Amino acid sequence: MQSTIPPTETGREALRLFKENRGPLAMLLALILFPFFVALLDGQGPTAVLNNEIGNARFLQGLLIEIFILAIYALSYDLILGITGLLSFGHAMFFAVGAYLTGIAFKSFGWGVGPTLAAVIVAGIVQALLFGLVLPRVKGITFALVTLGFASVFEIIVKSNEMVAYTGADVGLQGVVVPAAWLNTSNERFRLYLIVLFFTFFVYLVYRRFVDSPTGRVCIATRENEGRAQMLGYNTFYFKLTALILSSITAAMAGFFHTVHQPIVSPAVAGLGWTVAALLMILMGGIGTLSGALVGAAIFRLLQFYLERWFGGNATFLIGLVYVLLVMFVPYGVVGTWQARRLDIQRGRERLLRLLHLRP
Amino acid sequence: MTNLLEVQNIHTFIGQFHILEGVSVDVLQGSITVLLGRNGAGKTTTLKSVMGLTPPSQGQILFAGEPLQGRRSYDIAAMGIGFVPEHRAIFRDLSVAENLKIAERCKGDLARKEEFIFGLFPDLKRLIKLPGTKLSGGQQQMLAIARALVPDNKLLLIDEPSEGLAPVLIEQMITAIQQLAANTTVLLVEQNFVVASKLAERYVIIEEGRSVKKGLMAELVNDQETIHRYLGAA
């Protein structure tokens, strides 16, 4: 029976928001319950998750935290490359600044979580403004090379012997202790799992809102044809800078969580390879789709983890092979290809159901 | 009547090529003026020079008495000049609604103009949610013109509006441009002489980068010698 009470304006808005986001919300709920499900399968009770007991549930939470951090990082790259069309080869620096700053603030300066987070956000804005300095002057591959230059300088600095007391130079920053017990990955795994999960979800929703906003639409227009966007009266520089700042803060936050979860910061996160990792993740998931970044991060980490576990030293070759096959056969990424072929897939499913006499 | 746009003897280079070697065009407020000439004569470059996309190195361009030189294309657009480039320059990754919405210069521009725009191009209302990639060539051309109508533009620069359109759509386009010209001054480039003669009140012929003849369209249609000499058409 239908309700006769008319929904209020607020109620209607909440219902609309719920309907629009029911997919991500269902995924969020599934991921919250996932550790409990694994614990039950393992013969442990649900309290094992809350009590941080050793087992598959705890281990998989650790792996998922890594995936969430990668997903935040990949989302930040998708915003500037996939949405705004800015090819940066220096994106690793955005992440590494957050990771190193967190490590140095905790270890060398003894800062708490609050001041460190504030410093990470400020650093995120500053480095985006630094990239923004060259934005009006260079475009395309030249911008990519200039950003690579910035990131290379940063990599040289963190690896230099003069900085060994702070960054650990070639060895990396080791022995970082998180000053807040509630953020400790060893003792409070489920809490950290929830924090990083909610943050990933939050970033995804903010990015989706951004893409649907007037500013986001100008970013898409800039990616498609910057000249045309300017002819409509938009100074595209400010829109590209906005995307860079948002992306930089997000990547720096991913770096913050990286150091919190794995209290070792390797200089590899400041290298070109780490930028390529972000590119691979969004290519595999679907460039410019946002949700593709989440899928790409999961594929990237799970492939790496399981192939290394099963094939040891041969894994690198196999991972490379899988990347080549994915790019050849799923050229728009998993989500991108699905979106492009959604209609065909739907028709195919209906044909199959008719063949099986499940639909007239 | 006063001139809304005055292009005074401009010279424009693209790279090392001297494309415009002295083009002068006056566009009267409230009129439709057409640039005529053979392919490669410099008609599109003249429009792009006005928009600041290929800034002239010599000469002067005045819009409502204000010089345009040294201004970026986004500043020129903000002064009230809409540009509809050739080849249906819409944003293919955005929907019809988003393509129109993005052209708003002030909040509410689209809401105010909606009735007028959908009156000119009723098809667009039906296709409002469709992405740009799904539109036909004619629909894309209509959207490109409709987009330039969203903000309060004083002058519209339209490049080849009839290019590649079916005859029935060309007629629809002519009617639409005639209606929009009631509120806006138009400078257009048109290869199709029949379309140009139906639309424009004034013409400027550009030949090898120079403006060589100008006058009233009503006089040109009877001047077979000029048509043969500069346009190669009857």
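Residues numbered from 1 in each chain as written. Chains lettered and ligands numbered in written order. Predicted model: local features only at pLDDT ≥ 70, side-chain atom pairs only at ≥ 80, totals over all residues. Heavy atoms only, no water.

Enquirer: Would you mind going over the interface of chain B and chain A with me for this structure?
Expert: For an interface, size is often stated in terms of accessible area lost upon the parts coming together. Residue-level contacts link 21 residues of chain B with 15 residues of chain A. Across the chain B/chain A interface, buried area totals approximately 1,600 Å², and carbon plus sulfur atoms make up 63% of it. The three residues of chain B that bury the most area against chain A are Tyr 74, Phe 91 and Ile 102 of chain B, which together make up 39% of that side's buried surface. Taken together, the connections running from chain B to chain A amount to one salt bridge. The salt bridge partner of Asp 93 of chain B is Arg 223 of chain A, with a shortest N-O separation of 2.5 Å. The tally of links from chain B across to chain A stands at six residue pairs in polar contact (both at pLDDT 80 or more). Among the elements of the structure, α2 (73–78) and α3 (96–101) of chain B are those that each provide at least two residues to the side of chain B that touches chain A. Of all the elements, α2 of chain B adds the most residues to the side of chain B that touches chain A, at four residues. The residue makeup of the side of chain B that touches chain A, split by class, is 13 nonpolar, one polar and seven charged. (Contact = heavy atoms within 4.5 Å. Buried area = accessible area lost by both parts, 1.4 Å probe. Salt bridge = Lys/Arg side-chain N within 4 Å of Asp/Glu carboxyl O. Polar contact = N/O pair within 3.5 Å; in protein donor to acceptor, adjacent residues only side chain to side chain. Helix = DSSP H or I, 4+ residues; strand = E, 2+ residues; numbered from the N terminus. Nonpolar A, V, L, I, M, F, W, Y, C, P; charged D, E, K, R; others polar.)

Enquirer: It is not clear to me how the pattern of salt bridges should be interpreted in this structure. Could you clarify?
Expert: It is possible for side chains of opposite charge to pair when their charged atoms get near one another. Residues and elements named next belong to chain B. Counted by the stated rule, this structure contains 14 salt bridges over all chains. One salt bridge connects Glu 66 with Arg 71, and the closest N-O pair in it is separated by 3.2 Å. The salt bridge partner of Lys 198 is Glu 171, with a shortest N-O separation of 3.0 Å. Taken as a pair, Lys 198 in helix α8 (residues 193–199) and Glu 171 in helix α7 (residues 167–180) lie far apart in primary sequence, 27 residues in all. Of the residues examined, Lys 198 reaches a relative accessible area of 41% and is grouped as partly exposed. (Buried < 20%, exposed > 50% of the residue type's maximum accessible area, 1.4 Å probe, protein only.)

Enquirer: Looking at this structure, I do not really get the pairing of strand β3 (residues 32–36) of chain B. What am I missing?
Expert: All names here are of chain B. Where burial is concerned, most of β3 is hidden: five out of the five residues are buried. Residues Ile 32, Val 34 and Leu 36 of β3 are buried on one face, and the alternating residues Thr 33 and Leu 35, pointing to the opposite face, are buried as well. Both β3 and strand β8 (residues 185–189) contribute to a ladder of four bridges, which runs parallel. In the sheet register, Leu 35 faces β8, and the bridge partner there is Val 189. Pairing geometry for β3 and strand β9 (residues 202–207), over four bridges, is parallel. Across the sheet, the residue bridging to Leu 36 is Ile 205, located in β9. (Pairing = 2+ DSSP bridges.)

Enquirer: Which parts of the structure should I look at to understand the packing of aromatic side chains?
Expert: Describing an aromatic ring pair means giving the distance of the ring centres and the angle of the ring planes. Residues and elements named next belong to chain A. Inspection of the entire model under this criterion finds 20 aromatic pairs over all chains. The interplanar angle of 35 degrees and the centroid separation of 5.4 Å between the aromatic rings of Tyr 306 and Trp 310 together place this pair among those described as tilted. Linking Tyr 306 with Trp 310, this pair stays in helix α14 (residues 291–311), spanning four residues, or about one helical turn. For Trp 310, a relative accessible area of 59% translates into the label exposed. By way of ring pairs, the aromatic residues Phe 106, Phe 199, Phe 202, Phe 256 and Phe 257 are connected into one cluster. (Phe/Tyr/Trp six-rings, centres within 6.5 Å; stacked < 30°, edge-to-face > 60°.)

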